[in-house]
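# Working through the structure, step by step
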Amino acid sequence: MEKTQNSGKWKKPKKDQILIGILAGILLLVIALPQNDSRQETEEEGSPAENSQTLQTDPVAAMERQLEDILGQAEGVGRVKVMLTVSSLGTKTVEKDKSVQEENSQTSEEGNQVTRTEETTVYTRDSQGNEVPFVTEETPPRIEGVLVAAQGAGDMAVAESITEAAEVLFGVEVHKIKIMKLN
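Owing to the predicted nature of the structure, the values given are computational and were not obtained by experimental measurement. (Residues numbered from 1 in each chain as written. Predicted model: local features only at pLDDT ≥ 70, side-chain atom pairs only at ≥ 80, totals over all residues. Heavy atoms only, no water.)

## Quick word on the overall build of the chain
When you go through the chain residue by residue, the secondary structure sums to 5 helices and 9 strands. Secondary structure of the chain in N-to-C order comes out as α-α-α-α-β-β-β-β-β-β-β-β-α-β. Expressed as a percentage of the 183 residues in the chain, the buried residues total 17%. Across the chain, every contact between residues at least 6 apart in sequence was considered, and the portion connecting residues at least 24 apart equals 62%. Per element, the accessible surface of the chain, about 15,100 Å² overall, is 52% carbon and sulfur. (Helix = DSSP H or I, 4+ residues; strand = E, 2+ residues; numbered from the N terminus. Buried < 20%, exposed > 50% of the residue type's maximum accessible area, 1.4 Å probe, protein only. Contact = heavy atoms within 4.5 Å. Areas by Shrake-Rupley, 256 points an atom, 1.4 Å probe, with all protein chains shown as cover.)

Okay, here's the thing in structure tokens:
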């Protein structure tokens, strides 16, 4: 029996085969890396820029967080959770430029006058350099009810202080504020 020259020996891989093998290995590593954990960490940490963006996009959530922060620092209140109900999310009035053009036509005995009005939104730049509409007036969300769950709510004086704070901050009648004890 005659043995072939290649039996028992490895062929030398070519450069392009090595490169393809390395790229395939990197691709497998990237696919295998857990992506959910890294996204959760960044959402929990939240940079100040992200937090300010959330404050701008969801004013109700921002008011809930602010009330939780303030009440959590008050004496005897302890840990706090807040829920606000709203009847409207508020409005923003945007500045508009108006241009009026008048045209007279003398084709008949009566002079016809045509008036054209065009409106264009006025834009300004934010801190990141993006163009945003120029807001001239903003009305806050209309709060209809306040629910506060606090560890210290079992104490009547603490519960009364929380109720007064919600009444003053949001202009809500006392019967639309509910204070509960948090476990």
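## Thoughts on the environment of R142
Residue placement: R142 occurs in strand β8 (residues 142-150). Separated by 57 residues in the primary sequence, R142 and T85 place their C-alpha atoms 8.6 Å from one another. Those residues in contact with R142 that lie beyond four places of it in its chain are T85, V86, S87 and S88. Polar contacts involving the side chain of R142 include one to the side chain of E144, which spans 2.9 Å. (Polar contact = N/O pair within 3.5 Å; in protein donor to acceptor, adjacent residues only side chain to side chain.)

## Some words on the sheet that holds strand β1 (residues 80-88)
The strand order across the open sheet built from 3 strands is β1-β8-β9, with neighbouring strands paired in mixed fashion. Across the chains shown, the open sheet's two edge strands, defined by having one partner strand only, are β1 and β9 (177-181). Looking at each pair of strands side by side, their axes are set apart by 15° on average, direction ignored. Along the sheet face, helix α5 (residues 156-170) touches β1, β8 and β9 and points at about 145° away from the line of β9. (Pairing = 2+ DSSP bridges. Axes fitted to C-alpha atoms, helices over the stretch in contact; angles between N-to-C directions.)

## A short note on the environment of D97
Mapped onto the elements, D97 comes out in strand β3 (residues 96-105). Classification of D97 by relative accessible area gives partly exposed; the value is 44%.

## What to know about the packing of helix α4 (residues 59-73) against α5
Packing of α4 against α5 leaves a shortest axis separation of 12 Å and a crossing angle of 140°. One way to sum up the angle between α4 and α5 is to call them oblique. At the point where α4 passes α5, the crossing takes the right-handed sense. Residue-level inspection shows M63, L67 and L71 of α4 in contact with α5, the latter providing I162, A165, L169 and F170. (Parallel < 35°, antiparallel > 145°, perpendicular 65-115°, else oblique. Left-handed = near helix turned anticlockwise from the far one by under 90°.)

## Some thoughts on the pattern of salt bridges
Note that side chains of opposite charge can pair when their charged atoms are close. Scanning the model with the defined rule gives 4 salt bridges in all. In this structure, R125 engages E131 in a salt bridge whose closest nitrogen and oxygen atoms are separated by 3.7 Å. Overall, R125 belongs to the exposed group, its relative accessible area being 55%. With relative accessibility at 52%, the residue E131 sits in the exposed group. A salt bridge links E173 to K176; the shortest N-O distance between them is 3.7 Å. On the basis of relative accessibility, which here comes to 32%, the residue K176 falls in the partly exposed class. Among the charged side chains, a salt-bridge network with shared partners connects R142, E144, E173 and K176. (Salt bridge = Lys/Arg side-chain N within 4 Å of Asp/Glu carboxyl O.)

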